[in-house]
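Remarks on the overall topology
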Amino acid sequence: MGTKEQDARERILRATIVCLERDGLDATGIREIAREAQVNSAAISYYFRSKEKLIAQALEATLEQAFGHVLVDFDRLRAEGLGIREAFETLLEDVIGNVGRYPRIAHAHLHDALVHQRYDGAAIRELNAFLEALSGKLAPDTSHLTEERRRLALTQIWSSVSLMSMMPRVFDQLILLDFRTLETRRAWVKQSSRLLFPA
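Below is a summary of the structure that appears in this document.

Conventions used here
Residues numbered from 1 in each chain as written. Predicted model: local features only at pLDDT ≥ 70, side-chain atom pairs only at ≥ 80, totals over all residues. Heavy atoms only, no water. Axes fitted to C-alpha atoms, helices over the stretch in contact; angles between N-to-C directions. Helix = DSSP H or I, 4+ residues; strand = E, 2+ residues; numbered from the N terminus. Parallel < 35°, antiparallel > 145°, perpendicular 65-115°, else oblique. Left-handed = near helix turned anticlockwise from the far one by under 90°. Contact = heavy atoms within 4.5 Å. Nonpolar A, V, L, I, M, F, W, Y, C, P; charged D, E, K, R; others polar. Phe/Tyr/Trp six-rings, centres within 6.5 Å; stacked < 30°, edge-to-face > 60°. Buried < 20%, exposed > 50% of the residue type's maximum accessible area, 1.4 Å probe, protein only.

**Remarks on the packing of helix α9 (residues 122–138) against helix α10 (residues 147–166)**
Two elements in contact, α9 and α10, have axes whose closest approach is 10 Å; the angle formed by their N-to-C orientations is 125 degrees. One way to sum up the angle between α9 and α10 is to call them oblique. Regarding α9 and α10, the two cross each other, and that crossing is right-handed. Residues L127, F130, L131, E132, L134, S135 and L138 of α9 form the contact with α10, whose own contacting residues are R150, R151, L154 and W158. Class assignment for the residues of the contact of α9 with α10 results in 7 nonpolar, 1 polar and 3 charged.

Below you can see the structure in the form of structure tokens.
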């Protein structure tokens, strides 16, 4: 594929991600994507064959951003000399800092699970593979927990991360969680990490 064609494909993919976040999965159509990408609708069909295939590729790209770098970052933090707990808390602070930035993308990733109770999609597989790998990385400093208890604790933590990523203001009537502030992120992370690490 030539550079011009590759540029057009990338522009359409970026536009799809923008439309998904701005308008949501149900309101994102070929016309909106074409307008955002500044191409005609035929170009979308030419490069991606269907709206469904285009959205699937856009969501796959955002999944890589969501999970692909987190374990690499964890390993980098460990190589820089941080202990397992400190690396986990630093990583979780970063993840929480991004919570709420892209709620409609998070919802699109979990759409089939939320709406149709289907749990075999790419996002569910990626999430579970990520948590399994992370559980293994935390094992040396969580030996007081069985593997099942460690996985349970990670599931509890990531359940709240997932909820907050789709609905960042769901608890505003109870407590204002402004994850843009380092103080709030750190307090949330310290509280959450107690599920895994002894005080």
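After that view of the structure, there is still more to cover.
**Comments concerning the packing of aromatic side chains**
This model, assessed by the stated rule, comprises 5 aromatic pairs. Each ring, one from F67 and one from F130, has its centre 5.2 Å from the other, and the planes form 40 degrees; the classification is tilted. With F67 in helix α4 (residues 51–68) and F130 in helix α9, the pair connects residues that are 63 residues apart, well separated along the chain. Classification of F67 as buried rests on a relative accessible area of 15%. A residue is classified by how much of its surface remains accessible, and F130, at 3% relative accessible area, is buried. A ring pair is formed by F88 and F197, whose centres lie 5.9 Å apart and whose planes are at 55 degrees; its orientation type is tilted. Taken together, the residues span a long stretch of sequence, with F88 in helix α6 (residues 84–98) and F197 in the segment after α11 (182–193) at a distance of 109 residues. When sorted by exposure, F88 lands in the same class as F197, which is buried. Through pairs of rings, three or more aromatic residues link up here, namely F67, F130 and W158.

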